[in-house]
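Survey of secondary and tertiary structure
Each chain, letter by letter, is given below.
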Amino acid sequence: MTIEKIKEEMLKWRDFYGGDISDTEEIKNATSKEELNSIIEKHRQLLEDMLRDADIHIDNFKRKVGLGY
């Protein structure tokens, strides 16, 4: 797939939760497949960070209501 076609697909793509890759300018300005791959991996890291935050949030709630330790 050409870089331009990959960019087009990335700009249309939505993740599992319905979110898009937020830095569209970074996608538009990319000049290599390596850069585009890096952008996707940054999005993966964002999703992992969000999951970690959600886990902490629910654990804090469980402790608050006396169900967690």
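Below is a short write-up of the structure. Here the structure is a predicted model, which is why all the values come from computation and not from measurement.

The rules behind each value
Residues numbered from 1 in each chain as written. Predicted model: local features only at pLDDT ≥ 70, side-chain atom pairs only at ≥ 80, totals over all residues. Heavy atoms only, no water. Core = buried A, V, L, I, M, F, W, Y, C linked by side-chain atoms within 4.5 Å. Buried < 20%, exposed > 50% of the residue type's maximum accessible area, 1.4 Å probe, protein only. Helix = DSSP H or I, 4+ residues; strand = E, 2+ residues; numbered from the N terminus. Contact = heavy atoms within 4.5 Å. Axes fitted to C-alpha atoms, helices over the stretch in contact; angles between N-to-C directions. Parallel < 35°, antiparallel > 145°, perpendicular 65-115°, else oblique. Left-handed = near helix turned anticlockwise from the far one by under 90°. Arc of directions from axis to C-beta.

A short note on the nonpolar core
- Membership of the largest hydrophobic core is limited to 7 residues, which are Ile6, Met10, Ile21, Ile27, Ala30, Leu36 and Ile39.
- Those elements that provide at least two residues to this core are α1 (3-12) and α3 (33-64).
- Contact partners of Ile6, with chain neighbours within four places excluded, come to Met1, Lys33 and Leu36.

Considerations on the packing of α1 against α3
- Following both chains from N to C, one finds α1 and α3 inclined at 15°, their axes separated by 10 Å at the closest point. Of the possible angle classes, the one that applies to α1 and α3 is roughly parallel. In the packing of α1 onto α3, the handedness of the crossing is left-handed. Contacts between α1 and α3 involve Ile3, Ile6, Lys7 and Met10 on the former and, on the latter, Lys33, Leu36, Ile39 and Ile40.

Some remarks on the environment of Asn37
- Tracing the chain through its elements places Asn37 in helix α3.
- The exposure class assigned to Asn37 is partly exposed, which follows from its relative accessible area of 45%.
- Separated by 13 residues in the primary sequence, Asn37 and Met50 have C-alpha atoms spaced 20 Å apart.

A closer look at α1
- Within α1, the full set of buried residues consists of Ile6, Lys7 and Met10. Seen along its axis, α1 keeps its buried residues to an arc of 100°; they face one direction. Within α1, the exposed residues directed more than 90 degrees away from the buried face are Glu4 and Lys12.

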